[in-house]
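# A structural walkthrough
If you want the building blocks of each chain, they are given just below.
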Amino acid sequence: MSITVPPHDLPNGDRDARPPMRRASDRVTSRPPMRRASDPVTARRPMRRTGDIVATTHTVSLVVPARDEARNIPWVFEQIPRCVDEVVLVDGSSADATVTVARHCLPTVRSVKQSAPGKGNALRTGFAAATGEYIVMIDADGSMWPGEIPHFLHFLDNGYDFVKGSRCIAGGGSLDLTKVRSLGNRALLAVVNRLYDATLTDLCYGYCAFRRDFLKTLDLRSSGFEIEAEMITHALRSGLRIAEVPSLELPRRSGRSHLHAVSDGRRVLRTLVSERPGARSATAAAVPGER
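Residues numbered from 1 in each chain as written. Predicted model: local features only at pLDDT ≥ 70, side-chain atom pairs only at ≥ 80, totals over all residues. Heavy atoms only, no water.

## What to know about unusual backbone geometry
For serine 93, which is not glycine, the phi torsion reads 55° and is therefore positive. One can find serine 93 in the loop between β2 (86-91) and α3 (98-105). (Helix = DSSP H or I, 4+ residues; strand = E, 2+ residues; numbered from the N terminus.)

What follows is the structure, encoded as structure tokens:
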């Protein structure tokens, strides 16, 4: 049975605040702090609040798919909090200096090449290369703030298996959501909630974190942007405990998006329908001799 945390149950939620503000007194205290808040690197890379303490005792891998994002990588890497132990950059055959810039900004970054085109392939390549107990996925265009990562880890530390960002609950929002994308997201969200008996508040947003132990359970096969929907539907179907946390989507810092709203939306819809509970067994029964 999947569980979606309602806005009023979120420990850091403030329904009366306007995004991206949080309460000044919020703290993550589920684990003893592994790093001092006075650490000079932490001071240079502030998270949601300057007093936040990253308390997880688990290793964390951050997977960043990137293609021609050399101008955005410096800002993204500068915002990565100290709780991240490993950064895996998945290069999608960039024509610019994405990999070179990434290594300059973070010498310890692990760079791997994806074997085929598509965001889905890039993420699956990054997940396979990641070694952390927790895996966080984030875009390289600056639309997702790495400073929110501790909020995702908090729920993983407290028994949840899959945590996804939501722009549609208190404390979240978007500065980049067009009318077409908004309508498409709402329509697809209604489909997934109906087909999977869920109560999610956001769907087409790829800021997620999960326990690496469940990578095989997620059984990811998609090659394009629909992989984000595939992850959520497989998590729902497998009964993983799911939490939603507020997230603010920022505008892409530079360059053009690789997303094609209409065509990618159709692929997401096909994924939702084809992966619905019972769909695979019905397909198998229709093929004579298949076991």
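## Re the pattern of salt bridges
Pairing between side chains becomes possible if they bear opposite charge and their charged atoms approach one another. Per the counting criterion, the structure on display carries 14 salt bridges. Between arginine 252 and glutamate 69 there is a salt bridge, and its shortest N-O distance comes to 2.8 Å. Taken together, the residues span a long stretch of sequence, with arginine 252 in the loop between β9 (248-249) and α9 (261-274) and glutamate 69 in the loop between β1 (60-66) and α2 (73-78) at a distance of 183 residues. The salt bridge partner of arginine 110 is glutamate 86, with a shortest N-O separation of 2.7 Å. (Salt bridge = Lys/Arg side-chain N within 4 Å of Asp/Glu carboxyl O.)

## Focus on the environment of valine 245
Mapping valine 245 onto the fold places it in strand β8 (residues 242-246). Taking the relative accessible area as the measure of exposure, valine 245 reaches 1% and is therefore buried. A sequence separation of 37 residues divides valine 245 from cysteine 208, and the C-alpha atoms of the two residues are 9.6 Å apart. (Buried < 20%, exposed > 50% of the residue type's maximum accessible area, 1.4 Å probe, protein only.)

## Quick look at a nonpolar patch on the surface
A surface patch of nonpolar side chains, amounting to about 200 Å² of accessible area, comprises Leu195, Leu269 and Val273. With respect to the helices and strands, leucine 269 occurs in helix α9. Under the relative-accessibility criterion, leucine 269 is labelled partly exposed at 37%. (Patch = residues over 30% accessible without salt bridge, like charges linked within 9 Å, V, L, I, M, F, W, Y side chains within 5 Å. Areas by Shrake-Rupley, 256 points an atom, 1.4 Å probe, with all protein chains shown as cover.)

## With respect to the pairing of β8
Counted residue by residue, β8 has five buried out of five residues, so it is predominantly covered. Every second residue of β8 is oriented toward a common face, with Ile242, Glu244 and Pro246 on one face and Ala243 and Val245 on the other, all of them buried. In this sheet, β8 lies alongside strand β5 (residues 162-166) in parallel orientation, the contact comprising five bridges. If you follow phenylalanine 162 over to β8, its bridge partner there is isoleucine 242. (Pairing = 2+ DSSP bridges.)

## Thoughts on the side chain of threonine 233
The residue threonine 233 is located in helix α8 (residues 227-237) in this model. Only 3.0 Å separates the side chain of threonine 233 from the backbone oxygen of glutamate 230, close enough to count as a polar contact. Sequence-distant contacts of threonine 233, defined by excluding residues within four places in its chain, comprise Val192, Tyr196, Leu272 and Glu275. (Polar contact = N/O pair within 3.5 Å; in protein donor to acceptor, adjacent residues only side chain to side chain. Contact = heavy atoms within 4.5 Å.)

## Here's the deal with the sheet that holds strand β4 (residues 134-137)
The strand order β3-β2-β1-β4-β7-β5-β8 describes an open sheet built from seven strands, whose pairing is mixed. Each having just a single partner strand, β3 (110-113) and β8 make up the two edges of the open sheet. Each neighbouring strand pair of the sheet contributes to a mean axis angle of 20°, computed without reference to strand direction. Where β1 meets β4, four bridges bridge the pair, whose relative direction is parallel. Pairing of valine 63 across the sheet is with methionine 137, part of β4. Here α3 sits on the sheet and contacts β1, β2 and β3; the angle it forms with β2, its principal contact strand, is near 170°. Where α8 meets the sheet, it contacts β4, β5, β7 (208-211) and β8, and its direction lies at approximately 130° from that of β5. (Axes fitted to C-alpha atoms, helices over the stretch in contact; angles between N-to-C directions.)

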